[in-house]
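In case you want the letters, here they are:
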Amino acid sequence: MNVLSFILQHKDAYQVILDGVKGGPKEKRLAAQFIPKFFSSFPELADAAINAQLDLCEDEDVSIRRQAIKELPRFATGENILRVADILTQLLQTDDTAEFNQVNASLISIFKMDAKGTLGGLFSQILQGEDIVRERAIKFLSTKLKSLPEDVMTKEVEEYVFAETKKVLEDVTGEEFVLLMRIVSGLRVLQTVNGRQQLVELVVEQAFLEQALNPADPDTVDRLLQCTRQALPLFSKNVHSTRFVTYFCEHVLPNLSTLTSPVAELDIQLEVLKLLAEMSPFCGDMEKLEANLNMLFTKLLEYMPLPPEEVENGENSASEEPKLQFSYVECLLFSFHQLGKKLPDFLLDKVDAERLKDFKIRLQYFARGLQVYIRQLRVALQGKTGDALKTEENKIKVVALKITNNINVLIKDLFHNPPSYKSTVTLSWKPVQKTEAVAPKRPSNEDMGSGGSTKKQISPQPRRDARQIYNPPSGKYSASIGNFNYGEGWSLSQELPINLSVFLDCGSKLENP
């Protein structure tokens with residue numbers, strides 16, 4: 001009765017406080033503090049109180065807005081949690097840094113009260129809100145969820161995040177796709193074989209692997225590259241890359257020379273070959289293994305030249321020797337070596353005698369060139385340690401040595417009779433593990449994200465991989481595109497600032513496109 005008496009006696013006073021939002025700056029500041037303080041005492045005025053606080057959150061005075069936003073979590077009780085979360089999500093669109101930080105802090109505060117309810121408000125705005133609100137809500141989730149403790153991000157909450165994210169993925173830009181994959185990849189509930197397989201299925205849907213590739217459409221090419229990068233960290237001996245590898249063999253390799261790059265500076269052919277090489281160790285059983293191996297074999301021959309013809313005096317008839325494109329060959333040889341394990345008699349029984357003879361001649365010629373490069377690179381690097389190896393020229397030589405050594409190991413395997421597929425190498429752009437293995441080490445949860453439909457086109461987005469090729473300007477698929485940074489790096493078919501023959505005294509020249 002005392003409580004009821006208090007409410008009856010002070011209801012009018014609380015109404016005066018609510019009316020304070022229409023007053024001057026001093027009245028508004030007091031209202032911003034006292035409306036939430038006595039909110040729970042006047043349930044019949046709950047809607048009016050929330051609306052009054054919302055008015056203060058939109059005030060012209062930024063200090064009043066920040067005070068009102070700071071107090072908003074005090075309204076997040078019971079059924080109000082969804083509404084408060086929705087309001088705070090909309091307020092993410094502010095351009096004032098201090099105000100934006102306060103919105104983030106208030107969202108985190110109500111997350112700890114009711115994570116699922118808060119997520120309801122966030123996803124509601126992501127699915128139905130304005131573009132700027134959607135963008136910032138997704139970024140909020142991608143940066144903040146991973147820092148929340150397990151007692152907040154329970155299994156039920158994580159399953160809710162996954163279910164809602166799948167709805168959002170039905171219509172996404174490239175930047176959104178990358179951020180959403182980063183969100184779901186970090187969920188503990190998906191850190192199982194079955195969970196990673198579900199994530200791969202999400203990427204497959206975005207990659208449109210059921211459609212033929214249009215190599216002349218840079219949007220289509222970009223979508224495939226980006227989706228492949230998102231899938232790569234998920235592959236393992238239990239989560240196979242078969243559908244992606246099959247698609248690359250059947251649709252990408254046949255069109256390799258006609259692929260349209262999303263940006264002028266990108267060596268799209270090398271980028272595709274590197275992705276294929278990284279995926280190949282995780283490929284499972286293939287329906288058309290022989291046909292796919294044959295496609296890889298054909299492409300490998302294209303990048304492994306025949307030795308120049310000799311005239312009667314034993315000199316080369318050509319003015320210059322064939323170009324040895326080491327980076328391309330490393331990728332193709334590695335992929336062929338990986339898939340060849342699944343059909344070890346391919347070179348013996350599936351390739352005719354003349355073609356096999358031609359292949360061995362090319363291998364022998366390439367191997368001779370390799371030995372020269374390897375010896376000269378070792379001499380050039382001998383005795384160099386520490387800072388001496390950090391110069392740009394020596395960095396190039398170190399990677400060049402990795403590439404040539406890898407090719408040398410793989411060629412030796414294929415020269416065995418019968419061909420062997422037992423050797424293991426680490427791709428030149430990948431970090432070297434303590435124990436080399438065919439399959440690269442799986443990344444930790446923290447490392448996992450670092451691409452004619454009714455869906456929005458996917459725009460290129462970053463993948464945090466030091467082996468990638470360059471920093472392009474932004475490209476576009478649609479008006480709501482994000483920017484794609486392909487990273488920095490180089491290839492041994494085009495990367496050297498000077499021709500190898502200059503500092504290695506070799507006859508074979510590198511491609512200078």
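Since we're looking at a predicted model, the values are computed, not measured.

1. Side note on helix 4 (residues 62-71)
Then comes step 1: Of all the positions in helix 4, only I64, R65, A68, I69 and E71 are classed as buried. Each buried residue of helix 4 sits inside an arc of 165° when the element is viewed along its axis, so together they form one side.
Then comes step 2: The inward-facing, buried residues of helix 4 contact helix 2 (25-37), helix 3 (46-57), helix 5 (80-90) and helix 6 (97-113).

2. With respect to the pattern of salt bridges
Then comes step 1: Enumeration over the complete set of coordinates arrives at 22 salt bridges.
Then comes step 2: E99 is paired through a salt bridge with R65; the nearest N and O atoms lie 2.8 Å apart. One end of the pair, E99, is in helix 6; the other, R65, is in helix 4, with 34 residues separating them in the sequence.
Then comes step 3: One salt-bridge network, in which partners are shared between bridges, spans E135, K139 and E175.

3. Describing the nonpolar core
Taken as a class, soluble globular proteins show a tendency for nonpolar side chains to be buried jointly.
Then comes step 1: Ranked by size, the top nonpolar core spans 138 residues in total, and within it I35, F111, L141, L347 and F359 carry the most contacts.
Then comes step 2: Looking at this core element by element, the count peaks at 9 residues for helix 16 (residues 326-340).
Then comes step 3: With residues up to four places along the chain from it excluded, the contact list for F111 reads T118, L119, L122, F140, L141, L145, L148 and V152.
Then comes step 4: In terms of nonpolar packing, the next biggest core, distinct from the first, is built from 5 residues, L377, L381, A400 and L401 among them.

4. Focus on the packing of aromatic side chains
Then comes step 1: Following the criterion strictly, the structure yields 13 aromatic pairs and no others.
Then comes step 2: By the ring-pair criterion, three or more aromatic residues cluster together here, those being F297, F336, F346 and F359.

5. Some remarks on the environment of K402
Then comes step 1: Along the chain, K402 turns up in helix 19 (residues 392-415).
Then comes step 2: K402 gets classed as partly exposed once you look at its relative accessible area, which sits at 32%.
Then comes step 3: Residues K402 and L427, spaced 25 residues apart in sequence, show a C-alpha to C-alpha distance of 8.0 Å.
Then comes step 4: Those residues in contact with K402, other than ones at most four positions away along the chain, are S428 and V432.

6. Describing unusual backbone geometry
Then comes step 1: Here the amide bond leading from N417 into P418 is cis, since omega sits at 5°, within 30 degrees of zero.
Then comes step 2: Structurally, the position occupied by P418 is in the loop between helix 19 and helix 20 (500-504).

7. Overview of the packing of helix 7 (residues 115-128) against helix 9 (residues 155-168)
Packed helices, taken two at a time, are described by the angle between their axes plus the distance between the axes.
Then comes step 1: Close contact between helix 7 and helix 9 brings their axes to 10 Å; oriented N to C, the two are set at 5°. For the element pair helix 7 / helix 9, the angle class is roughly parallel. From helix 7, A115, K116, L119, G120, F123, I126 and L127 reach across to helix 9, where they touch E156, V157, Y160, V161, E164, T165, K167 and V168.
Then comes step 2: In the contact of helix 7 with helix 9, the residues fall into 9 nonpolar, 2 polar and 4 charged.

8. Some points on the confidence of the model for the protein
Then comes step 1: Of all residues in the protein, 80% attain a pLDDT of 70 or more, and the chain-wide mean is 83.
Then comes step 2: Within the protein, no element has a lower average pLDDT than helix 20, which sits at 35, and none a higher one than helix 13 (residues 242-252), at 97.
Then comes step 3: Within the model, the stretch residues 435-491 combines pLDDT values under 50 with 181 contacts to residues more than four positions away or in other chains.
Then comes step 4: Note that residues 493-513 has pLDDT below 50 and, in this model, 47 contacts with residues that lie over four places away or in other chains.

Reading the values: rules and limits
Along each chain, the written sequence defines residue order, and numbers are assigned to residues from 1. Local features are withheld for residues below a pLDDT of 70 in this predicted model, meaning they are given only at 70 or higher, and side-chain atom pairs are given and counted only at 80 or more; totals for whole chains, interfaces and linings count all residues. In computing side-chain values, all of the structure's heavy atoms are included and hydrogens and water are not. Think of it in three bands: with a 1.4 Å probe and only protein chains considered, a residue is buried below 20% of the maximum accessible area for its type, exposed above 50%, and partly exposed in between. To qualify as a helix, a DSSP run of H or I must reach at least 4 residues; to qualify as a strand, a run of E must reach at least 2; elements of each kind are numbered from the N terminus. Along the arc lie the directions from the helix axis toward the C-beta atoms. Residue contacts follow a heavy-atom distance rule, with two residues in contact if any of their heavy atoms lie within 4.5 Å. Whenever a carboxyl oxygen of Asp or Glu lies within 4 Å of a side-chain nitrogen of Lys or Arg, that contact is scored as a salt bridge. Here, nonpolar core refers to any group of buried Ala, Val, Leu, Ile, Met, Phe, Trp, Tyr and Cys residues whose side-chain atoms link them within 4.5 Å. Whether two aromatic rings pair depends on their centres lying within 6.5 Å, for rings of Phe, Tyr and Trp, where Trp uses its six-membered ring; planes under 30 degrees apart make the pair stacked, over 60 edge-to-face, and the rest tilted. As a rule, the C-alpha atoms of each element are fitted with a line to give its axis, helices using only the stretch in contact, and angles between N-to-C directions run from 0 to 180 degrees. Any angle that is under 35 degrees is reported as roughly parallel, and any over 145 degrees as roughly antiparallel; angles of 65 to 115 degrees are reported as roughly perpendicular and all others as oblique. Under the convention adopted here, Pro, Cys and the residues Ala, Val, Leu, Ile, Met, Phe, Trp and Tyr are nonpolar, Asp, Glu, Lys and Arg are charged, and Gly plus all remaining residues are polar. Confidence scores labelled pLDDT are given residue by residue by the predictor and lie between 0 and 100.

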